[in-house]
Amino acid sequence: MILEYFMLLLLILMIGLAVFAVETRDLLAAVLAAGFISLVASIVYLYLQAPDVAMTEAAIGAGLTTLIFIIAVRKTERYEK
Amino acid sequence: MRKWVAIVFLAFLGFFMVKIVATFPFGEENWGVAKHYVDRGIEENRGSNLVTSIVVNYRGFDTLGEVTVLFLAATALAFLLSTCRCQKKYNRIEGSLILKTAADTLFPLLILFGAYIFIHGHLTPGGGFQGGTVIASAVMLMLLSRLSFHPNHRALSVTEGLAGMAFVLIGLAGLIWGGSFLANNILPLGQWNRLFSAGVIPLIYIAVGLKVGSELSGLITDMIATTKEEK
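Since we're looking at a predicted model, the values are computed, not measured. (Residues numbered from 1 in each chain as written. Chains lettered and ligands numbered in written order. Predicted model: local features only at pLDDT ≥ 70, side-chain atom pairs only at ≥ 80, totals over all residues.)

A. A look at unusual backbone geometry. Although it is not a glycine, Gln49 of chain A adopts a positive phi angle of roughly 60°. Relative to the helices and strands, Gln49 of chain A resides in the loop between helix H2 (27-47) and helix H3 (51-75). (Helix = DSSP H or I, 4+ residues; strand = E, 2+ residues; numbered from the N terminus.)

B. Local environment of the nonpolar core. Ranked by internal contacts, the top residues of the largest apolar core, which has 41 residues, are Val139, Met140, Ile204 and Val208 of chain B. Only H3 of chain A together with helix H3 (50-58), helix H5 (97-119), helix H6 (128-145), helix H7 (153-178) and helix H8 (201-225) of chain B provide two or more residues apiece to this core. Beyond its immediate sequence surroundings of up to four residues, Met140 of chain B is in contact with Leu67 of chain A together with Ile220 of chain B. (Core = buried A, V, L, I, M, F, W, Y, C linked by C-beta atoms within 7 Å. Buried ≥ 20, exposed ≤ 12 C-beta atoms within 10 Å, placed from the backbone. Contact = placed C-beta atoms within 7 Å.)

C. The arrangement of the confidence of the model for chain B in detail. Residues and elements named next belong to chain B. For chain B, per-residue confidence averages 83 on the pLDDT scale, and 94% of positions sit at 70 or higher. Here helix H2 (residues 34-45) is the element of chain B with the lowest mean pLDDT, 78, and helix H1 (residues 2-22) is the one with the highest, 92. Scoring the predicted complex yields pTM 0.80 and, for the interface, ipTM 0.80. (pLDDT = per-residue confidence, 0-100.)

D. Seen up close, the interface of chain B and chain A. Taken together, the contacts link 15 residues of chain B with 13 residues of chain A. Residue assignment for the side of chain B that touches chain A shows that the elements contributing at least two residues are H6 and H8 of chain B. Examining the composition of the side of chain B that touches chain A, we find that seven residues originate from one element, H6 of chain B, more than from any other. When the residues that make up the side of chain B that touches chain A are grouped by side-chain class, the tally is 10 nonpolar, four polar and one charged. (Nonpolar A, V, L, I, M, F, W, Y, C, P; charged D, E, K, R; others polar.)

E. Inspection of H3 of chain B at higher detail. Listed in full, the buried residues belonging to H3 of chain B are Thr52, Ser53, Ile54, Val55, Val56 and Asn57 of chain B. Turning to H3 of chain B, the residues buried within the fold contact H2, helix H4 (60-83) and H8 of chain B.

F. Spotlight on H4 of chain B. Residues and elements named next belong to chain B. With 24 residues, H4 ought to run about 34 Å at 1.5 Å a step, and its terminal C-alpha atoms sit 35 Å apart, in line with that. Of all the positions in H4, only Gly60, Thr63 and Val67 are classed as buried. Its buried side turned inward, H4 meets H3, H7 and H8. (Expected span 1.5 Å × (residues − 1).)

G. Expanded view of the environment of Val134 of chain B. With respect to the helices, strands and loops of the structure, Val134 of chain B is situated in helix H6. Here Val134 of chain B is in contact with Ala59 of chain A together with Leu110, Phe113, Gly114 and Ile117 of chain B, once residues within four sequence places are set aside.

H. How the structure looks around the packing of H2 of chain A against H3 of chain A. All names here are of chain A. Look at H2 against H3: their axes get within 8 Å of each other, and the N-to-C directions meet at 175°. Considering the angle they form, H2 stands roughly antiparallel to H3. Of H3, the residues touching H2 (which contributes Leu27, Leu28, Val31, Gly35, Ser38, Leu39, Ala41, Ser42, Tyr45 and Leu46) are Pro51, Val53, Ala54, Glu57, Ala58, Gly61, Ala62, Thr66, Phe69, Ile70 and Val73. A per-class count over the contact of H2 with H3 returns 15 nonpolar, five polar and one charged. (Axes fitted to C-alpha atoms, helices over the stretch in contact; angles between N-to-C directions. Parallel < 35°, antiparallel > 145°, perpendicular 65-115°, else oblique.)

I. Structural detail: the environment of Ser145 of chain B. The topology assignment puts Ser145 of chain B in helix H6. Taking the C-alpha atoms as reference points, Ser145 of chain B and Lys100 of chain B, 45 residues apart in sequence, are found 5.3 Å from one another.

J. Broad picture of the packing of H4 of chain B against H7 of chain B. Residue and element names in this part refer to chain B. Here H4 crosses H7 at 160°, and the two axes come no closer than 11 Å. Considering the angle they form, H4 stands roughly antiparallel to H7. For the element pair H4 and H7, the recorded crossing hand is left-handed. Together, Leu64, Val67 and Phe71 of H4 and Gly164, Phe167 and Gly171 of H7 make up the contact between the two elements. (Left-handed = near helix turned anticlockwise from the far one by under 90°.)

Given below as structure tokens:
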């Protein structure tokens, strides 16, 4: 039961981070928030007994995608106009 | 005005989504071929990770397509990066002592862990794609921390090509000796839950792991290291 409430908390956190990622003007913060969403999603997948998907989400969503976006931000501009 | 158009469009989309989802029976058995996979998958493939059996054997052709899509995307990106003249001034800097030491310690461990994931793809969660990504993230860590680290691009593309070819050749061997493309009856299936089991599934996943790992490593190297360092 406690675990279920914890998962609910994580899901709400994901929605909050998604809204933050869209609304913020700092693109680096938006990218990091998106990466954090992936990390939380992988925990939720693990709870839902899908370890394969959790690994993919953690490695690709939180690792590689975040890095590629950070490179893109570095090569362009950090703040949205 | 545009806002209202968007809202009306979204309302339409939502309406039809709800309509479609309402037709799904919830809480009832609605299985087609999936029931066969779950009931007989382990018996037919002797891999203790059923997800791998489905991805590599039953849906092996889809996985081949997936690998091809990844290959095309990486090729297109490399092409775009090589023709782009819009590179801004951007200096890579050497990582700090903490980052360098951590990267040096983690690099062999990450490579080993990635290899472990795809070699044990038929036994434990994960497989070629996950293992390959872990290897690519190890390369990424080294690229971020050291300016002198340059993966051998030629070796990466040769590995990638050979691994992709191995996948297709295993499939063709199944077509010749097993009766269908990617058939899993050309090698002894072995015993359940052993490293040497599940026929060709581990071989295919090792090929996929090497391919994805070298491909993503090459891609990241292209992205990080293409910009010439300013003197």
